[in-house]
Amino acid sequence: MTRRRIFSATAAAFALAAAGVAPVVADESPATEQTKVVLVLDASASMNEPDPSGVTKLEAAKTALIGALGSLPEDADVGLRVYGATVDGPGRTPAECADSQLVHPIEPLDEQGLTAAIQSFDAVGETPIAYSLQEAAKDLGADGKRHIILVSDGEERCVPDPCVAVQDIIDAGIGVQIDTVGFGVGDVARQQLTCIAEAGGGTYYDAADAGTLTTTLNTLSTRTARPFTIEGTPVEGSPTPEGAPLLDVGQYVDSAASSSQGMTTKYYRVPRTQPGSTIRVSMVGRMPAATDGMNRGRWDWRLSTPDGLECSSRWALASDTQRQGVIAAGTVIAVQLDPRAQQPDARAKACAEADELVYELKRGNAKTAVTTDVEIRVMEEAPAADADSLPDGVASVPQDNSDQLTSPASGTPVSVVGGASFNDALTIEPGTYVTEVVPGEMVLFKARIDWGQEAIFAIDGPDPAFPPLQGLQTLDWLNVPGNVYAPDFSQMDSQEFLRAGMYRTVSGELKLESAPDINQVPQVNFRNRWDSPRMYFSNSNGFSMAGDYYFAVGLGELRDGILRGVPVPIRFSIAVTGEVQGAPEYVEADAEPSLSPTAGATPEPSDLSPATEIPAETGDDATDVPPTEADPAGSALPLVGGALLVVGAVGAGVYAAVRRR
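The sections below set out a description of the structure shown in this document. For every chain, the first residue of the written sequence is number 1, and numbering continues from 1 onward in sequence order. The predicted nature of this model means local features are confined to residues of pLDDT at least 70 and side-chain atom pairs, given and counted, to a pLDDT of 80 or more, with totals for whole chains, interfaces and linings taken over all residues. In computing side-chain properties, one takes all heavy atoms of the structure into account and sets aside hydrogens as well as water.

On to the pattern of salt bridges. What counts as a salt bridge is simple: a side-chain nitrogen of Lys or Arg found within 4 Å of a carboxyl oxygen of Asp or Glu. Within this structure, the stated rule accounts for 28 salt bridges. With a shortest N-O distance of 3.0 Å, Arg 527 and Asp 338 are connected by a salt bridge. Taken as a pair, Arg 527 in the loop between β25 (518-521) and α8 (528-531) and Asp 338 in the loop between β13 (326-334) and α7 (346-353) lie far apart in primary sequence, 189 residues in all. Asp 338 matches Arg 527 in its accessibility class, with the two residues each being buried. The partner of Asp 531 in a salt bridge is Arg 527, and the shortest N-O contact between them spans 3.0 Å. One salt-bridge network, held together by shared partners, links Arg 280, Glu 381, Asp 488 and Arg 529. Going along the chain from the N terminus, every DSSP run of H or I of four or more residues is numbered as a helix, and every run of E of two or more is numbered as a strand. Three labels apply to residues, based on accessible area from a 1.4 Å probe with only protein chains included: buried if under 20% of the type maximum, exposed if over 50%, partly exposed otherwise in between.

Below is the structure:
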């Protein structure tokens, strides 16, 4: 069993569709964990150097840190550790390399006390980063959501190597996320701080001056309680159907390993508690960016009856050619029977009536074995008593039509800080926004789309006046993807081909050089599950559900690490239109089901950076699952969301091959 970085392990109960039917809650649900944060600040002698604003780096850092305290979660425990503040010696002595103090204990947020602590020290000594991180991990204790935010203006000058030290901390099973901020650093320090963040499951941010440091610390403080998480009750899938654990309605965590020796498989059993209900099983797993992002083992998901009759299947690649990281997300479904069907297909009938279903999670052969922690969600929706009389599903779904759409952006964008996962996506209303994203990162938002409504999600692009963008050259392509996920977590972008707005500098101006990245959610109807084609390479019919839809904003990495760690302001807009109508009347219920984690709650948000890959080969391997009435498309293209730059004849050839399928 792989080490799990589960920083938040709150199991979510899902309410059943019928208000009169008690929700089924996963057993042994862990309680919500306390958020604990330790701020680690560099007080080495180099912090006495001037910042471009005219004050010293230390004064700028103190001002930024004090300003960011108000953005920290009010219910968090927060402490402050500094290094290099007490020992002024000849350099790298044992005393200097252990010069690190917890100047404010980790306790309920005390802005006044933390402000006094921040103002209480000077910059005099060395830069013992590794020792400070080791001590900070001890400060945080053995429980809770543990988070370290490190601000430094230089590289480690003592031993051990801080990257190795952080890896040792993680390997010891200490669940902690480490984000780093480089304040006016050079290449060596930038690489080291990036390495620390990657090893600690966090993000590196680059702050060239006091202003950028202030906005970065505010963003980090807001996200402190919202690291990338998989949440749920721990469960262990079985290598055979006979020993499969039972997954009631709820949220679970497990691991899925690829192998260089062939396929690996895990099985689970999913009971149906209400006859004729719709069962959905989704899986989400994050694969961090890797130097070699290819051949990491494809994903396969399958839902079937106990006797092996397939109800639904999906598959996805795990390739990451742009080093953005990959979110693997797949949803399989067994729907209620369509009452309009004169002669129901035997397979659809069996899947709709089975008292229990078998969920299969499979990883393909990989160049190097990779183990990924995953979240599995089981959702059950009561049958609609009036399914035959509900409005017809949409006859067609939008596809690669962004050049026919207009962005709904208007007025001054509202600044927002996005979430890092589905569990903590930031709830927003339709409107025009700007959010900061570092290259290789993707942040999530969610907005309600009700029955009878439709939506537009537009990436309006980076702020061309943002100073760091002025240095981009013509050959520097800035890819800004926007992705849409349904309430069942299936990706449903209407942009299949480019899937990213592609920007570059032309005649000194940053311009959009591709079709605009505008995604359209068609009218949400209950009958879309039967009457309508699927979306996004025939993978999603999630638009047959009213609820929270998820909108992701990302930024691709550039060549040679350009803009690495620099938070870039990205503008986006969302419009939801249409009269609310066509709500189903659920059996034994007078209310719509809640299909979101922790019914009635609104969560607040590693960098979520999905990167979709169209397979370069379209042979038998791409069509190895037969279609069914319940799943007419059968196996389809990867349901791994994000941005892939498809350029020239190669991209066009792949696209043509894909569309022919």
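Past the structure itself, the notes keep going.
Among the nonpolar cores identified, the biggest contains 48 residues, and Tyr 549, Val 553 and Phe 572 are the most heavily contacted of them. When contributions to this core are tallied by element, the ones reaching two or more residues are β18 (431-437), β19 (442-449), β20 (454-462), β21 (478-480), β26 (547-554) and β27 (568-577). By residue number, the principal contributor to this core is β27, which donates 5 residues. For Val 553, the residues in contact, after removing those within four places along its chain, are Thr 435, Val 437, Glu 441, Met 442, Val 443, Phe 445, Phe 457, Ile 459, Pro 481, Ile 570 and Phe 572. Judged by nonpolar contacts, the second largest core, of 35 residues, contains Leu 58, Leu 80, Leu 109 and Ile 149. To form a nonpolar core, buried Ala, Val, Leu, Ile, Met, Phe, Trp, Tyr and Cys residues must be joined to one another through side-chain atoms within 4.5 Å. Any two residues whose heavy atoms approach within 4.5 Å at even a single point are treated as in contact.

Mapped onto the elements of the fold, Met 545 is located in the loop between α8 and β26. The exposure class of Met 545 is buried, given its relative accessible area of 1%. In the structure, Met 545 is positioned 57 residues away from Asp 488 in sequence and 8.1 Å away in space, judged by C-alpha atoms.

Once that is clear, we can look at helix α3 (residues 129-140). Each residue after the first adds 1.5 Å to the expected span of a helix. With 12 residues, α3 extends 16 Å between its outermost C-alpha atoms, agreeing within 8% with the 16 Å of an ideal straight helix rising 1.5 Å per residue. Every buried residue belonging to α3 is among Ile 129, Ala 130, Ser 132, Leu 133, Glu 135, Ala 136, Ala 137 and Leu 140, and all of these are buried. Gly 141 occupies a position one or two residues after α3 and carries a positive phi of about 80°.

Our next topic: the sheet that holds strand β14 (residues 356-363). Any two strands with at least two DSSP-identified bridges between them are counted as paired. As summarised here, the arrangement of the 4 strands in space is β9-β14-β11-β12, forming an open sheet in which the pairing is antiparallel. Two strands bound the open sheet, and with one partner strand each, they are β9 (264-271) and β12 (310-316). Each adjacent strand pair in this sheet contributes to an overall mean axis angle of 15°, direction not counted. Bridge count between strand β11 (residues 299-304) and β12: 6 bridges; the pairing is antiparallel. From the neighbouring strand, Ser 304 faces β12, where its bridge partner is Glu 310. Here the axes come from fitting lines to C-alpha atoms, over the contacting stretch only for helices, and the angles between their N-to-C directions go from 0 to 180 degrees.

Turning our eyes to something else, we now look at the environment of Asp 460. Turning to its location among the elements, Asp 460 is positioned in strand β20. Taking the C-alpha atoms as reference, Asp 460 lies 7.4 Å from Ile 570; in sequence the two are 110 residues apart. Beyond its immediate sequence surroundings of up to four residues, Asp 460 is in contact with Ser 407, Ala 409, Tyr 503, Arg 571, Phe 572 and Ser 573. Whenever two N or O atoms come within 3.5 Å, that pair is a polar contact, provided that in protein one can donate a hydrogen and the other can accept it, and provided that, for residues adjacent in sequence, both atoms are side-chain atoms. Engagement of the side chain of Asp 460 in a polar contact is seen with the side chain of Ser 407, the distance being 2.5 Å.

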